[in-house]
Number of protein chains: 2
Amino acid sequence: MPVKARRSVCPISSALDVFGDKWSLLIIRDFFAGKTSYSEFLSSPEKISTNILSSRLRLLEEQGLVAVGEKSTRTGKPVYRLTEKGKRLHPVLDAIAAWALENIEGTEKLIAVGE
Amino acid sequence: MPVKARRSVCPISSALDVFGDKWSLLIIRDFFAGKTSYSEFLSSPEKISTNILSSRLRLLEEQGLVAVGEKSTRTGKPVYRLTEKGKRLHPVLDAIAAWALENIEGTEKLIAVGE
DNA sequence: ACTAATAACTTGCAAAATGCAAGTACCGGT
DNA sequence: ACCGGTACTTGCATTTTGCAAGTTATTAGT
C-alpha cells in the first residue's frame, strides 16, 4: 500500500499526514506507557474500537513508527514496538501534555509517559 | 453549541479532542505565520476547503483558542486572532516541526513559525 | 448611483473515516 | 478434541471530509 500523498512539504502538514487524527498519538502514548499488545491498547480509557486499532497499527507500521515483532512462542501474541523514529515523538507528546495540563480544565496526568 | 465531551481526563486525549484532526494545527500554524483573514488561510498550500475552514474557525473559537475581532471598518474583513491559550501552542508546533524535519524526508521549513 | 470585483461565508451532495456489534482464526492448555 | 482468550476481520450505520456551486456584504471604479 502506498504511503498517502502529503499535502505540502511543510513539516507540520507532513507530520499531520502521518498522525493527524484522534487516535494515532494515543496509541503512541500507550507505547511510551509500556504497552505492547493489542489487548493492552484496547484497555485504554478512551475505548478505541478494534477495527480502528487494527488499521492504525498497520498505518503506523507503514510509516515506520511501529514494528511488529515475531509472535512470542511463549504467549502466541504479536509484540508491537515503537521504532526509533516513533520514539523520537516523545518531545511532541510532552509538549502536548504540558499544554493540556495548563490549558484544559480537568486533565490529569494518569499514566507516566515514561521511557 | 456544547463543547464536545472528552474521551478521558488524559491530557493528550483531551488535547486531541480539541485539535486532533488534519486541519486545526495548520490553521494555528498560519496564525503564527501572521495570517488573520479567511482568504489568507485559504491561500495556504494545503488548500483547505471553505466549509472546513469555516467550521474549524468556529470550533477553535468555541474552544477559546481563537477570537474574532470586529470587522475592520477600513477593509470590512473580520480579523481572526489567537488567544493567549492558542498562542501557548507554540511549543507544540515547534516540537512537531522539529520531529518532521528530522524524520520525514522532503519536508522544508517554508514559513517562519514566528511570534 | 450603478456595476464589477473580491472576501467571507453557506449549502448540497459524494466520498472517506469512524464507531459499534458480531463473527472468524489461531493459539495454548486440559 | 474441546475450551477460553487474544487478535483480528466484516458489515453496516453515523459522522466527518472534500469539492463545487451558490449567496451575501463591502469596496473600488466610473
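For the structure itself, consult the block above.
Conventions we followed
- Residues numbered from 1 in each chain as written.
- Chains lettered and ligands numbered in written order.
- Predicted model: local features only at pLDDT ≥ 70, side-chain atom pairs only at ≥ 80, totals over all residues.
- Heavy atoms only, no water.
- Near = heavy atom within 4 Å.
- Polar contact = N/O pair within 3.5 Å; in protein donor to acceptor, adjacent residues only side chain to side chain.
- Helix = DSSP H or I, 4+ residues; strand = E, 2+ residues; numbered from the N terminus.
- Nonpolar A, V, L, I, M, F, W, Y, C, P; charged D, E, K, R; others polar.
- 1 Å grid on protein atoms, 1.4 Å probe; cavity = no way out; pocket = protein on both sides within 12 Å on 5 of 7 lines; lining within 4 Å.
- Points joined across faces, edges and corners; volume = space filled by probe spheres on them.
- Least-squares fit on C-alpha atoms with pLDDT ≥ 70 in both.
- Contact = heavy atoms within 4.5 Å.
- Buried < 20%, exposed > 50% of the residue type's maximum accessible area, 1.4 Å probe, protein only.
- Buried area = accessible area lost by both parts, 1.4 Å probe.
- Salt bridge = Lys/Arg side-chain N within 4 Å of Asp/Glu carboxyl O.
- Pairing = 2+ DSSP bridges.

1. Looking at the protein's contact with DNA strand C
Inference 1: Looking at DNA strand C, there are 20 residues lining it, with W23(A), N51(A), R56(A), S39(B) and Y80(B) nearest.
Inference 2: Each atom of DNA strand C within 4 Å of the protein belongs either to a base or to sugar and phosphate, the latter forming 64%.
Inference 3: Taking R56(A), its side chain carries an N or O atom lying 2.4 Å from a phosphate oxygen of DNA strand C.
Inference 4: In the environment of DNA strand C, a phosphate oxygen lies 2.9 Å from a nitrogen or oxygen atom belonging to the side chain of R58(B).
Inference 5: When residues of the surface near DNA strand C are traced back to their parent elements, those giving at least two are α4 (50–62) of chain A together with α3 (38–42) and α4 (50–62) of chain B.
Inference 6: For the surface near DNA strand C, a count of residues per class yields five nonpolar, nine polar and six charged.

2. Considerations on empty space enclosed by the protein
Gaps left between atoms show up when a probe the size of a water molecule is rolled over them.
Residue and element names in this part refer to chain B.
Inference 1: The full count for this structure, using the stated rule, is three cavities of 30 Å³ or more.
Inference 2: Here the largest cavity defines a volume of roughly 70 Å³.
Inference 3: Considering the residues around the largest cavity, the lining is formed by W23, L26, I27, R29, D30, F41, L42, S44, E46, K47, I48 and L53.
Inference 4: For the lining of the largest cavity, the elements supplying multiple residues, two or more each, are α2 (24–32) and α3.
Inference 5: Counting residues per element, the lining of the largest cavity draws most heavily on α2, which supplies four residues.
Inference 6: Grouping the amino acids of the lining of the largest cavity by side-chain chemistry returns seven nonpolar, one polar and four charged.

3. Regarding the relation of the copies chain B and chain A
Inference 1: Rotating chain B by 180° and moving it 0.0 Å along the rotation axis overlays it on chain A with an RMSD of 0.0 Å. These values place the two chain copies in the arrangement generated by a two-fold rotation axis. No C-alpha of chain B lies nearer the rotation axis than that of D21(B), which sits 2.3 Å from it.
Inference 2: Most of the interface of chain B is mirrored in chain A, where 100% of its interface residues are also at the interface.

4. Observations regarding the side chain of S24(B)
Inference 1: Positionally, S24(B) belongs in helix α2.
Inference 2: Polar contacts involving the side chain of S24(B) include one to the side chain of D21(B), which spans 2.6 Å.

5. Some details on the environment of Q63(A)
Residue and element names in this part refer to chain A.
Inference 1: Examined against the element boundaries, Q63 turns out to sit in the loop between α4 and β1 (66–69).
Inference 2: By relative accessible area, which is 18% here, Q63 ends up buried.
Inference 3: C-alpha of Q63 to C-alpha of F19: the two residues are 44 residues apart in sequence and 9.6 Å apart in space.

6. Thoughts on the protein's contact with DNA strand D
Inference 1: Close to DNA strand D lie 22 residues, the nearest being S39(A), Y80(A), W23(B), N51(B) and R56(B).
Inference 2: Near the protein, within 4 Å, the atoms of DNA strand D are sugar or phosphate in 64% of cases.
Inference 3: Interatomic distance of 2.7 Å between a side-chain N/O atom of T50(A) and a base oxygen of DNA strand D.
Inference 4: Within the side chain of K22(B), an N or O atom sits 3.2 Å from a phosphate oxygen of DNA strand D.
Inference 5: Elements that contribute at least two residues to the surface near DNA strand D include exactly α3 (38–42) and α4 of chain A together with α4 of chain B.

7. Here's the deal with the interface of chain B and chain A
Inference 1: Taken together, the contact between chain B and chain A spans 46 residues of the former and 46 residues of the latter.
Inference 2: Buried surface at the junction of chain B and chain A, both sides included, amounts to about 3900 Å², of which 71% is carbon and sulfur.
Inference 3: In terms of surface lost to chain A, no three residues of chain B exceed R7(B), I12(B) and W99(B), which account for 19% of the buried area on that side.
Inference 4: At the boundary of chain B and chain A, one finds zero salt bridges.
Inference 5: Viewed at the interface, chain A and chain B are joined by 14 residue pairs in polar contact (both at pLDDT 80 or more).
Inference 6: Elements with a minimum of two residues in the side of chain B that touches chain A: α1 (11–19), α2 and α6 (90–103) of chain B.
Inference 7: Broken down by element, the residue count for the side of chain B that touches chain A peaks at 11 residues, all from α6(B).

8. Describing the pairing of strand β2 (residues 79–82) of chain A
Residue and element names in this part refer to chain A.
Inference 1: Of the two faces of β2, the one holding Y80 and L82 is buried and the one holding V79 and R81 is not buried anywhere.
Inference 2: Direction of pairing for β1 relative to β2: antiparallel, over a ladder of four bridges. Bridge pairing in β2 links A67 to R81.

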